[in-house]
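# Report on the structure
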Amino acid sequence: MSNLQIRNLRPEELSIAIDWAAAEGWNPGLADAACFAIPDAKGFFVGEIDGEPVATVSCVNYDDRFAFLGFYIVRAGFRGAGHGLRIWNAAIAHAGSRVIGLDGVVAQQDNYRKSGFALAYANVRYGGSIAAPPSPPVDVVALDKVPLAMIEADDATVFPARRSGFLRAWIAAPGHVGRALLRDGKLAGWGVIRPCRTGHKIGPLIADDRAAAEAIVQALMAGAGGGEVFLDVPAVNRDAVRLAEAVGLASTFETARMYTGAIVPLRLDRIYGVTSFELG
C-alpha cells in the first residue's frame, strides 16, 4: 500500500512541477508558473512521503467539458511503488466527466490507453538556431494591439475550450513577445514567443496558411533577437512541418496527443505551433 499523501500544489509551489519538468528535458518557459495557475488553481497535485515531494501531476479543468493533463512525474527512486497510479487517479477524478487531453511520451501510449485515452495524432518538437531578420514584416503588428475578443474567437477554432484568462496572461507575461497579421481586418495569423530554460519557444502559432505563419515566425524572431528556438508542431499539419524544416529547425522528440473522448472539431491545419505540452 502506497503511503503517499496527495494534496493540491499552491500557486506559489508550481515551481516544483516546473523544475521537475525541466529536469526531464521539457524546457519550460520562465514565466510558465504564473500563467499555468490561472485556468484552474486546484488542478495541480503533489504526492508527498513524510513531507517530501515525490510525485506531481496536473489536470486543468478549462470548462465543464474539457480538461488537460500534464506534469505527470514520479521522482527516480520512488517509482514502481504505486505512487504514480495514486496521484494519476487523483488527477483523473478532478476532471470528473470531462474529456481529458494530454501530450504523453510515445513509450507510455499503452498505459494511457488503459485509462481510456485514444491517440489523436503526434506532436513533434523542432529545435535549432534562427537568425533574427534585419527587419520584421511590415504588415505584422504587436499582438496586444489586437482586441482580445478577436484573439479568443480565433483561438476557439484550434482549442477545445475557452481560455480567456490564460490567453490574457500569456500575452502579457514578462518576456513574452506576441505578434499578429491582419488581412482585410481579420486575424490571419498570430503567435507568442517566450524565453525558456534553454533558448525560446514559439507557442501558440496559429495561421490561415504557411505564408502567414512564416511572417509571424519572422516577426517573433525579430522581437526575440534570434537564437535557439523550439516549435511544437502537429505532425498532421504538413505545411507546419515544412515550415519548421524550412526555417532550419530539426525534429528532437515526439509526443502522443491523446483524448478520453470526442472533442469539438479543431482546425488542425491552422495550428503551426502548440501552446504547451503541459496545458495543451
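Going by the structure above, here's the rest.
Given the structure is predicted, the values throughout are model-derived calculations rather than measurements.

For the rest of this paragraph, the subject is the packing of helix 5 (residues 148-155) against helix 6 (residues 164-172). Packing of helix 5 against helix 6 leaves a shortest axis separation of 10 Å and a crossing angle of 115°. Along this stretch, helix 5 crosses helix 6, giving a crossing that reads as right-handed. Between helix 5 and helix 6, the residues in contact are Leu148, Ile151, Glu152 and Asp155 and Ser164, Leu167, Arg168 and Ile171, respectively. Considered class by class, the residues forming the contact of helix 5 with helix 6 number 4 nonpolar, 1 polar and 3 charged.

This part covers the pattern of salt bridges. Counting across every chain of the model gives 17 salt bridges. Note that Asp232 is salt-bridged to Arg125, the shortest N-O span being 2.6 Å. Pair noted here: Asp232 is in strand 11 (residues 227-234) and Arg125 is in strand 6 (residues 118-130), with a separation of 107 residues, a long-range link. As far as the burial class goes, Asp232 and Arg125 line up, both buried. If you follow the salt bridges from partner to partner, you end up with Arg7, Arg10, Glu12, Glu13 and Glu48 in one network.

Quick look at the packing of aromatic side chains now. In this structure the tally under the stated criterion is 15 aromatic pairs. When the centroid spacing of 5.8 Å and the interplanar angle of 85° are considered together, the rings of Trp26 and Phe277 count as edge-to-face. Remark: Phe277 occurs in the segment after strand 13 (271-273) and Trp26 occurs in the loop between helix 1 (14-23) and helix 2 (32-36); sequence separation between them is 251 residues. On the basis of relative accessible area, Phe277 is assigned to the buried category, the value being 2%. Between the aromatic rings of Trp88 and Tyr112, the centroid separation amounts to 5.6 Å while the plane-to-plane angle is 15°, which identifies the pairing as stacked. Placement of Trp88 in helix 3 (residues 83-95) and of Tyr112 in helix 4 (residues 109-114) is noted, with a sequence separation of 24 residues between them. Residue classification places Tyr112 among the buried residues on the basis of a relative accessible area of 10%.

What follows deals with helix 1. Where helix 1 is concerned, the buried positions are Leu14, Ala17, Ile18, Trp20 and Ala21. Angular distribution of buried residues about the axis of helix 1 spans 160°; they occupy a single face of the element. Where helix 1 is buried, its residues meet helix 2, strand 2 (44-49), strand 3 (52-61) and strand 4 (66-74). Just downstream of helix 1, Gly25 is the residue with a positive phi angle, here 90°.

To continue, consider the pairing of strand 5 (residues 99-105). Extensive coverage of strand 5 is indicated by the burial of 6 of its 7 residues. For strand 4 and strand 5, the ladder comprises 4 bridges, and the chain directions are parallel. The partner of Phe68 across the bridge, within strand 5, is Gly101. In the classification by handedness, the crossover that spans strand 4, the intervening helix 3 and the parallel strand 5 is right-handed. Two elements, strand 5 and strand 12 (residues 250-259), share 5 bridges in a ladder whose sense is antiparallel. When the bridges of strand 12 are listed, Asp103 appears paired with Arg257.

Turning our eyes to something else, we now look at the nonpolar core. Ranked by internal contacts, the top residues of the largest apolar core, which has 43 residues, are Phe44, Tyr62, Phe66, Phe71, Ile151, Trp190 and Leu279. When contributions to this core are tallied by element, the ones reaching two or more residues are helix 1, helix 2, strand 2, strand 4, helix 6 and strand 9 (186-195). When sequence neighbours within four positions are dropped, the list of residues in contact with Trp190 reads Leu143, Ile151, Asp154, Asp155, Leu167, Arg179, Ala180, Pro204, Leu205, Ile206 and Ile216. Among the nonpolar cores identified, the runner-up in size contains 29 residues, and Ala188, Val229, Ala240 and Leu249 belong to it.

Cut-offs used in this document
- Residues numbered from 1 in each chain as written.
- Predicted model: local features only at pLDDT ≥ 70, side-chain atom pairs only at ≥ 80, totals over all residues.
- Heavy atoms only, no water.
- Axes fitted to C-alpha atoms, helices over the stretch in contact; angles between N-to-C directions.
- Helix = DSSP H or I, 4+ residues; strand = E, 2+ residues; numbered from the N terminus.
- Left-handed = near helix turned anticlockwise from the far one by under 90°.
- Contact = heavy atoms within 4.5 Å.
- Nonpolar A, V, L, I, M, F, W, Y, C, P; charged D, E, K, R; others polar.
- Salt bridge = Lys/Arg side-chain N within 4 Å of Asp/Glu carboxyl O.
- Buried < 20%, exposed > 50% of the residue type's maximum accessible area, 1.4 Å probe, protein only.
- Phe/Tyr/Trp six-rings, centres within 6.5 Å; stacked < 30°, edge-to-face > 60°.
- Arc of directions from axis to C-beta.
- Pairing = 2+ DSSP bridges.
- Right-handed = clockwise from strand over helix to strand, strands pointing away.
- Core = buried A, V, L, I, M, F, W, Y, C linked by side-chain atoms within 4.5 Å.

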